[in-house]
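Each chain, written out:
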Amino acid sequence: MKNRKKVLITAGPTVEELDPVRYISNYSTGTMGYSLAREAVNRGYEVALISGPVSIPAPHGAKLVKVTTAREMLGAVKKHIGGSSCLVMAAAVCDFAPAKRSATKIKKRARLVIQFTPNPDILGEVKDVPGVFKVGFALETGGLFGKALCKLKAKGLDLIVANKAGRGRKDGGPFGAGKKDFMVISRDGRKRTRMGVTKEKMAGYIFDDIEKAAEAA
Ligand code: C5P
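Owing to the predicted nature of the structure, the values given are computational and were not obtained by experimental measurement.

Asker: A description of the pattern of salt bridges should follow, citing residues and the corresponding values.
Answerer: Scanning the entire structure with this criterion turns up eleven salt bridges. Across the pair glutamate 211 and arginine 43 runs a salt bridge whose closest N-O atoms are separated by 2.9 Å. Here the residue glutamate 211 occupies a position in helix α5 (residues 199-216), and arginine 43 occupies one in the loop between α1 (31-42) and β4 (46-51), the gap between them amounting to 168 residues. With a shortest N-O distance of 3.3 Å, glutamate 125 and lysine 78 are connected by a salt bridge. Here lysine 78 lies in helix α2 (residues 70-80) and glutamate 125 lies in helix α3 (residues 122-126), a separation of 47 residues in the sequence.

Dropping the structure here:
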């Protein structure tokens, strides 16, 4: 099918290597981004899915671009954003990467100090690309509305979807499958909450918002 609208979706964690066998990352499973990609395919969009390492299958019909680090994800986003009507950054990008990756396995020692350097902010880097409806996510332990609204403004987003972080891996928090609580904030500061919905259902709500905004434009 020609002239389909193209959407770009990022998903999963990024993984930043310390040495050939160790890394830092986060608990992201890719469920939200992959649900968004499936929803977009079902709605007839041409979908590019840029994904960090995850163990779930990619939706049929999406073009899967596998990346590992935040820098690789940035490169892939820049490469694929041209011609896209929408970018949904559902990936949990690591804010920091080890300043230096050791080429050999770091040996046991009494004390190990690792220096980290900030990763590029992917949304920040594509902020000024015109004609792209930009959706971001925010994961916060508290002050959800205020922090997410600040993020929306700082990153030049049209929409932000915020979740409260849990206490850690054991309670699952916003990671993985199951019913979750979401707050959706638009550019004008309008807030809606969606309590106890699956990520599949949430993906539908997000694309409803994207399409409504496109109709209004
Ligand atoms: O990590 P943070 O809370 O700032 O993430 C908010 C949004 O920014 C998310 O949509 C995430 O995908 C994106 N992000 C990014 N580049 C980073 C970190 C986060 O684009 N380096």
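Asker: Explain α1 to me, using residue names and the numbers behind them.
Answerer: The first and last C-alpha atoms of α1 sit 16 Å apart over twelve residues, in line with the 16 Å expected at 1.5 Å per residue. With nine of twelve residues buried, α1 lies mostly within the body of the structure. Regarding α1, the residues found buried are Thr31, Met32, Gly33, Tyr34, Ser35, Leu36, Ala37, Glu39 and Ala40. A positive backbone phi angle near 95 degrees is found at glycine 44, which sits one or two residues after α1.

Asker: Tell me what's going on with the pairing of strand β1 (residues 6-11), and back it up with residues and numbers.
Answerer: Counting buried positions along β1 gives six out of six residues, so the element sits mostly inside the fold. Side chains Lys6, Leu8 and Thr10 project from β1 onto one buried face, and the interleaved Val7, Ile9 and Ala11 project onto a second face that is buried too. As paired elements, β1 and β4 share six bridges and run parallel to each other. Within β4, the residue paired with valine 7 across the bridge is valine 47.

Asker: Describe the site of the ligand, naming the residues involved and giving the relevant values.
Answerer: Lining the immediate environment of the ligand, one finds Met89, Ala91, Val93, Asp95, Pro120, Asp121, Ile122, Leu123, Gly136, Phe137, Lys151 and Lys155. Between the ligand and phenylalanine 137 there is a distance of 2.8 Å, counted from an oxygen atom to a backbone nitrogen or oxygen. Within the complex, 89% of the 440 Å² of free accessible area of the ligand lies under protein. Among the elements of the structure, α3 and β9 (133-140) are those that each provide at least two residues to the shell around the ligand. Looking at the shell around the ligand residue by residue, the classes come out as seven nonpolar, one polar and four charged.

Asker: I'd like to hear about α2, residue by residue, with values.
Answerer: Every buried residue of α2 is accounted for by Ala70, Met73, Leu74, Ala76, Val77 and His80. Down the axis of α2, the buried side of the element spans an arc of 165 degrees, and every buried residue falls inside it. Exposed residues on α2 whose side chains face more than 90 degrees from its buried face are Arg71 and Lys79.

Asker: Help me get a handle on the packing of aromatic side chains, residues and values and all.
Answerer: Scanning the model with the defined rule gives one aromatic pair in all. With a centroid separation of 5.6 Å and an interplanar angle of 40 degrees, the aromatic rings of tyrosine 45 and phenylalanine 207 are classed as tilted. Of this pair, tyrosine 45 sits in the loop between α1 and β4 while phenylalanine 207 sits in helix α5; the two residues are 162 residues apart in sequence, bridging distant segments of the chain. For the pair shown, tyrosine 45 and phenylalanine 207 are each scored as buried.

Asker: How would you sum up the pairing of strand β11 (residues 180-186)? Please name residues and give values.
Answerer: Burial analysis of β11 places six of its seven residues in the buried class, the great majority of the element. Across four bridges, the pairing between strand β10 (residues 159-164) and β11 is antiparallel. Directly across from isoleucine 160, in β11, lies its bridge partner isoleucine 185. Two successive antiparallel strands, β11 and strand β12 (residues 191-197), enclose a turn made up of four residues, where glycine 189 displays a positive phi of approximately 85 degrees.

Asker: Kindly report on the sheet that holds β1, identifying the contributing residues and their values.
Answerer: Strand order in the open sheet formed by eight strands is β5-β4-β1-β6-β9-β10-β11-β12, and the pairing between neighbours is mixed. The open sheet terminates on both sides in strands that have one partner only, identified here as β5 (62-66) and β12. Averaged over neighbouring strand pairs, the angle between their axes works out to 15 degrees when direction is ignored. When β11 meets β12, the two strands line up antiparallel, connected through five bridges. Pairing of lysine 180 across the sheet is with valine 197, part of β12. Most of the contacts of helix α4 (residues 144-154) go to β10, to which it runs at about 145 degrees, and overall it touches β9, β10, β11 and β12.

Conventions and cut-offs
Residues numbered from 1 in each chain as written. Predicted model: local features only at pLDDT ≥ 70, side-chain atom pairs only at ≥ 80, totals over all residues. Heavy atoms only, no water. Salt bridge = Lys/Arg side-chain N within 4 Å of Asp/Glu carboxyl O. Helix = DSSP H or I, 4+ residues; strand = E, 2+ residues; numbered from the N terminus. Expected span 1.5 Å × (residues − 1). Buried < 20%, exposed > 50% of the residue type's maximum accessible area, 1.4 Å probe, protein only. Pairing = 2+ DSSP bridges. Near = heavy atom within 4 Å. Polar contact = N/O pair within 3.5 Å; in protein donor to acceptor, adjacent residues only side chain to side chain. Areas by Shrake-Rupley, 256 points an atom, 1.4 Å probe, with all protein chains shown as cover. Nonpolar A, V, L, I, M, F, W, Y, C, P; charged D, E, K, R; others polar. Arc of directions from axis to C-beta. Phe/Tyr/Trp six-rings, centres within 6.5 Å; stacked < 30°, edge-to-face > 60°. Axes fitted to C-alpha atoms, helices over the stretch in contact; angles between N-to-C directions. Contact = heavy atoms within 4.5 Å.

Fair warning: the whole summary comes from geometry, so function is off the table for now.
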